[in-house]
Amino acid sequence: DTAVSQTPKYLVTQMGNDKSIKCEQNLGHDTMYWYKQDSKKFLKIMFSYNNKELIINETVPNRFSPKSPDKAHLNLHINSLELGDSAVYFCASSRGQLEAFFGQGTRLTVV
Amino acid sequence: AQSVAQPEDQVNVAEGNPLTVKCTYSVSGNPYLFWYVQYPNRGLQFLLKYITGDNLVKGSYGFEAEFNKSQTSFHLKKPSALVSDSALYFCAVAGNNRLAFGKGNQVVVIP
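Throughout what follows, the structure given in this document is the object of discussion. (Residues numbered from 1 in each chain as written. Chains lettered and ligands numbered in written order. Predicted model: local features only at pLDDT ≥ 70, side-chain atom pairs only at ≥ 80, totals over all residues. Heavy atoms only, no water.)

What follows concerns the state of the cysteines. Disulfides are covalent bonds that connect the sulfur atoms of two cysteines. Residue and element names in this part refer to chain A. For the structure on display, the rule yields two disulfides over all chains. Cys23 shares a disulfide with Cys91; S-S distance 1.8 Å. In this structure, the disulfide formed by Cys23 and Cys91 twists by about -75° around the S-S bond and is classed as left-handed. Of this pair, Cys23 sits in strand β3 (residues 19-25) while Cys91 sits in strand β9 (residues 87-94); the two residues are 68 residues apart in sequence, bridging distant segments of the chain. Neither Cys23 nor Cys91 differs from the other in exposure class; each is buried. (Disulfide = S-S within 2.5 Å. Helix = DSSP H or I, 4+ residues; strand = E, 2+ residues; numbered from the N terminus. Buried < 20%, exposed > 50% of the residue type's maximum accessible area, 1.4 Å probe, protein only.)

So, on to the sheet that holds strand β7 (residues 64-70) of chain A. All names here are of chain A. Sheet architecture is open: four strands sit in the order β1-β3-β8-β7, paired in antiparallel fashion. With one partner strand each, in any of the chains shown, β1 (4-7) and β7 form the two edges of the open sheet. Ignoring which end each strand starts from, the neighbouring axes of this sheet average 15° apart. The pairing of β1 with β3 spans four bridges and is classified as antiparallel. Paired with Thr7 across the two strands is Lys22, which belongs to β3. (Pairing = 2+ DSSP bridges. Axes fitted to C-alpha atoms, helices over the stretch in contact; angles between N-to-C directions.)

In this structure, Leu19, Trp35, Leu47, Leu48, Phe74, Leu76 and Tyr89 of chain B are the most contacted members of the largest nonpolar core, which totals 27 residues. For this core, the secondary-structure elements that each account for two or more residues are β2 (10-14), β3 (19-21), β5 (32-38), β6 (44-50), β8 (64-68), β9 (73-78), β10 (87-95) and β12 (105-110) of chain B. What Tyr89 of chain B contacts, discounting residues up to four positions off in sequence, is Gln6, Trp35, Tyr36, Val37, Leu47, Phe63, Leu76, Gly104, Asn105 and Val107 of chain B. Listed in part, the 20 residues of the second largest apolar core include Val4, Trp34, Met46 and Ala87 of chain A. (Core = buried A, V, L, I, M, F, W, Y, C linked by side-chain atoms within 4.5 Å. Contact = heavy atoms within 4.5 Å.)

Here you go:
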């Protein structure tokens, strides 16, 4: 069983479209994250949820909206996609501040 | 805010030689430190962590890391590198409900 799974793995879409990425973890963790990895491989946190409550909302455009329907799921919805949104988005989960486990990533390409 | 620094962009090592990937950290309070590895087109895989206890921690795939409080370092080591160890390595520190990652080090093991 995959511990942290995110879908889709690849997403190619046109500018201006709205898209969603889904994430699920079956580890029983209480904290979930979205990270963005840019073309230089830098990893930057976007959002963090603890027990379905938003804990961190970094300086991310409000076109990005996370939603956590329950502790095991954290989805990311992006409105009005822009070329600069092209990146790899990683979902992760952890138990408190212990090691985080990452999904395989969603490679988003905006054309 | 907590941060880590990985001073080198790329580490080249001959197969069979010792491998060291450097990391220094900055955090208030006791550090929770981690190393992750990322293979091409894959998510991050957890290698090892330091939370408390013995300064030398052992992890997956024969890797180990040494916590040095006085030098605020957490260098990753492997006694004998394999070609399959070629990947991108990230150091991270936990705090403020997030993992702060270094920029990553590309490790190239030369046959």
